[in-house]
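Letter by letter, the chains look like this.
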Amino acid sequence: MPELPEVETVLQALKPHLVDNKFTSIKTYVPKLRGPLELEDRPELLNQSIVELYRRAKYMILTLANNYGLIIHLGMTGSFRLESTSLQRQKHDHAEFYLLSGLVLRYNDPRRFGQLVVTEPGNNILEHKLLIHLGPEPLTESFDNTWLARVCKGKKKPIKSLIMDNATVVGVGNIYASESLSLAGINPLVAAGTVTKKRLKRLTEAIKHVLTAAIEAGGTTIKDYTSLNGEEGKFVRELMVYGKAGQKCSGCNRGIIKQVYQSGRSTYYCPVCQR
DNA sequence: AACACGTCCTGAGCGC
DNA sequence: TGCGCTCAGGACGTGT
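Residues numbered from 1 in each chain as written. Chains lettered and ligands numbered in written order. Predicted model: local features only at pLDDT ≥ 70, side-chain atom pairs only at ≥ 80, totals over all residues. Heavy atoms only, no water.

**Q** How do you make sense of the nonpolar core when you look at a structure like this?
**A** Note on soluble globular proteins: their nonpolar side chains tend to be buried together. With 35 residues, the main nonpolar core has Ile 159, Ile 163, Val 172, Tyr 176, Leu 200, Leu 203 and Phe 235 as its most contacted residues. Those elements giving two or more residues to this core turn out to be α2 (145-152), α3 (159-164), α4 (174-184) and α5 (197-216). Considering every element that reaches this core, the biggest residue donor is α5, with eight residues. Core analysis: the next-biggest nonpolar cluster, separate from the first, contains 31 residues, Ile 26, Leu 45, Leu 64 and Leu 105 among them. (Core = buried A, V, L, I, M, F, W, Y, C linked by side-chain atoms within 4.5 Å. Buried < 20%, exposed > 50% of the residue type's maximum accessible area, 1.4 Å probe, protein only. Helix = DSSP H or I, 4+ residues; strand = E, 2+ residues; numbered from the N terminus.)

This is the structure in structure tokens:
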């Protein structure tokens, strides 16, 4: 389940192979993923140098020399393989990008929650409807305790739901939300508006710390996630609470990790050291 | 306005 | 052994 660190890891792996390369042909095998998949019969995407590949939230953005672009979201189970064209297409490979370098980039996504969207030249890609409403990037100065306090003010919904909201901060999914709250010592269930400024500062720092450490570890592999060509993320070894229901908390060494459900998502926390 | 919840999707894991 | 059920969750859309 790719969150920001996983997307960042994939992005860095893809970059050297894609930038300055060109798509020579693109094939798709399903009519839609999360939205329509309209990459075939688009000559404007072919034989144009790939200029940039960067990230905004959990989206990867690829731009071409003619200012067409591609917005890519891996959803829950999306992954890329870069490989020889002599290798067979696999089950759930929904799109193939044949490259001038001779390799093929294959997009695999069993649950088809991902998105591959073409953008037209002329508009700022960051103002695309998928991107325009996104909040600050967690690893920049624009995400700080002042901002978080402003967003939390008066909010009754649980702090965990709030930090998973892309309008508050982007890239924090279910795993890193639980992990960040664990590190900050905050109970995920408490109303966001009741968390003190001091604790929100700790939370801001915890989010930055956890995401940075996860990027360094190449992400977290729980079930589906792998980076390019099947590499697994090692942050799973550093998890404090996620997926550890019933185990003793390694933070305080006293509490037993509890699993609760918040709007259909599982949340893990230590009832002793997260108050 | 704020928040909750349904929806999309497939495969793993489990109980019987 | 095999079937059917439940769960996993990102982000948008809809309902309250």
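Next comes the rest of the description.
**Q** How should the sheet that holds strand β8 (residues 115-119) be read in this particular structure?
**A** Picture the strands of a sheet paired through backbone hydrogen bonds; they go either parallel or antiparallel. Taken together, the four strands give an open sheet; going across it, the order is β2-β3-β4-β8, and neighbouring strands pair in antiparallel fashion. The strands lining the two open edges of the sheet, one partner per strand, are β2 (50-56) and β8. Along the sheet, successive strands turn relative to each other by an average axial angle of 20°, direction set aside. In the packing of helix α1 (residues 4-18) onto the sheet, the strands contacted are β2 and β3 (59-64), and the crossing angle to β2 comes to about 170°. (Pairing = 2+ DSSP bridges. Axes fitted to C-alpha atoms, helices over the stretch in contact; angles between N-to-C directions. Contact = heavy atoms within 4.5 Å.)

**Q** What is the right way to read the protein's contact with DNA strand B from this model?
**A** Around DNA strand B, a shell composed of Lys 32, Arg 34, Lys 91, His 92, Pro 110, Arg 111, Arg 112, Phe 113, Lys 155, Lys 156, Lys 157 and Arg 265 is seen. Per the 4 Å cut-off to the protein, sugar and phosphate atoms form 63% of the nearby atoms of DNA strand B. At 3.2 Å from a base oxygen of DNA strand B is found a side-chain nitrogen or oxygen belonging to Arg 111. Here Lys 156 contributes a backbone N or O atom positioned 2.5 Å from a phosphate oxygen of DNA strand B. For the surface near DNA strand B, the residue count by class is two nonpolar, one polar and nine charged. (Near = heavy atom within 4 Å. Polar contact = N/O pair within 3.5 Å; in protein donor to acceptor, adjacent residues only side chain to side chain. Nonpolar A, V, L, I, M, F, W, Y, C, P; charged D, E, K, R; others polar.)

**Q** Hey, could you run me through the protein's contact with DNA strand C in this one?
**A** Close to DNA strand C lie 17 residues; Arg 34, His 73, Met 76, Phe 113 and Tyr 242 are nearest. Counting only the atoms of DNA strand C that lie within 4 Å of the protein, the sugar and phosphate share comes to 50%. Arg 34 places a side-chain nitrogen or oxygen 2.7 Å from a sugar or linking oxygen of DNA strand C. Between DNA strand C and the protein, one listed contact pairs a phosphate oxygen with a side-chain N or O atom of Tyr 59 at 3.3 Å. Looking at the surface near DNA strand C, the elements with two or more residues in it are β9 (258-262) and β10 (265-269). Considered class by class, the residues forming the surface near DNA strand C number seven nonpolar, six polar and four charged.

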